[in-house]
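Structural description and commentary
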Amino acid sequence: MKKIIMSAALSLLGLTLSVAHADENAIRQALAKSMPSVTVESVKPSEISGLFEVTVGGSIFYVSGDGKYLIQGHLVDVAARTDLTEEKLSGTRKQAIEKLGLDKMIVFKPKVSKYTVSVFTDIDCGYCRKLHSEIDQYMAEGITIQYLFFPRAGKGSDSYSKAVSVWCAADRKAALTAAKKGDKLDAKTCDNPVDQHMQLAEDFEVKGTPMIVTEKGNIFPGYLPAKQLVEALEDERNPK
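What this report covers is the structure whose coordinates are included nearby. (Residues numbered from 1 in each chain as written. Predicted model: local features only at pLDDT ≥ 70, side-chain atom pairs only at ≥ 80, totals over all residues. Heavy atoms only, no water.)

1. Structural notes on helix H7 (residues 194-203)
- Inspection of H7 places Val194, His197, Met198, Leu200, Ala201 and Asp203 among the buried residues, and these make up the whole buried set.
- On its buried side, H7 packs onto strand S2 (51-56), strand S3 (59-64), helix H2 (84-100), strand S8 (115-121), strand S9 (143-149) and helix H5 (158-168).
- Phi for Glu205, located one or two positions after H7, is positive at around 60°. (Buried < 20%, exposed > 50% of the residue type's maximum accessible area, 1.4 Å probe, protein only. Helix = DSSP H or I, 4+ residues; strand = E, 2+ residues; numbered from the N terminus. Contact = heavy atoms within 4.5 Å.)

Here it is as structure tokens:
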């Protein structure tokens, strides 16, 4: 009897997996047709039956099994009072930043690094300038800052051109510091990752700058003084 039950269970599991695989293919085909510029990284069943979780870059959305309907928003476990989507988004953000790579960021690193954050910045943003004016305080606290550009005025704007000029400068860190002070930079162009930074910001739903992303992929929107940022990072590392 146990063998019969086990055999039936395995058959049911195989059927479930084959159906899920069929739904995944249908979703991928539907999205490829309706959104050909989108690269789908993963499709898997969500916590709601018949609804699939789709990961694109640093974003997560939900699609029906036939690929006809798409839902944007966060999935919340009401009983547990847990934002299930946000828990997963932190992982996708972390992976997306790692995939981008340090060679496509401007990194300020202290002699002894205790923490690392990635900061989406706009050269002309007031609070971004304030954060950078205190870079020595962040270094003193052992915080490595990895800068990514998010010129809020968009591609082709003055802020965008400044970001490209900073990246193309012989000394990027010095150029960024000068630009943050309001100094005029020599206009330069070259191969640069600014568009990639902006796409990542869009995937992360960045609304303003600075936006701080932690090593675990959690976000702190807005400016935080060095000591306050350390406290937040310690709370993340050692939750109460």
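2. What to know about the sheet that holds strand S7 (residues 106-108)
- Overall, mixed pairing links the five strands, which are arranged S7-S9-S8-S10-S11 in an open sheet. Single-partner strands in this sheet number two, and they are S7 and strand S11 (219-221). Taken over all neighbouring pairs, the strand axes of this sheet differ in orientation by 25° on average, direction set aside.
- Along the sheet, H7 makes contact with S8 and S9, crossing S9 at roughly 100°. (Pairing = 2+ DSSP bridges. Axes fitted to C-alpha atoms, helices over the stretch in contact; angles between N-to-C directions.)

3. Points about helix H8 (residues 226-237)
- Taking 1.5 Å per residue as the helical rise, H8 with its twelve residues ought to reach 16 Å, and the 16 Å between its terminal C-alpha atoms agrees with that figure.
- Residues of H8 that are buried sit in contact with S8, helix H4 (135-140), S9, strand S10 (211-214) and S11. (Expected span 1.5 Å × (residues − 1).)

4. Quick word on the side chain of Thr121
- Structurally, the position occupied by Thr121 is in strand S8.
- The contact partners of Thr121, leaving out residues within four places of it in the chain, are Cys128, Tyr147, Leu148, Phe149, Phe150, Pro151, Lys180 and Thr209.

5. What about the pairing of S9?
- Counting buried positions over the seven residues of S9 gives seven, a clear majority of the element.
- Judged by which residues are buried, S9 turns out to be covered on both faces: Ile143, Ile145, Tyr147 and Phe149 on one side and Thr144, Gln146 and Leu148 on the other are all buried.
- Both S7 and S9 contribute to a ladder of three bridges, which runs antiparallel. Residue pairing in the sheet places Ile106 in a bridge with Tyr147 of S9.

6. Details of the nonpolar core
- By size, the foremost hydrophobic cluster in this structure holds 35 residues, and its most contacted members are Tyr138, Ile145, Tyr147 and Leu229.
- For this core, the secondary-structure elements that each account for two or more residues are S7, S8, H4, S9, H5, helix H6 (172-180), H7 and H8.
- No other element matches H5, which puts six residues into this core.
- The next biggest cluster of nonpolar side chains, apart from the first, holds 13 residues, and it includes Ile97, Phe120, Leu148 and Leu200. (Core = buried A, V, L, I, M, F, W, Y, C linked by side-chain atoms within 4.5 Å.)

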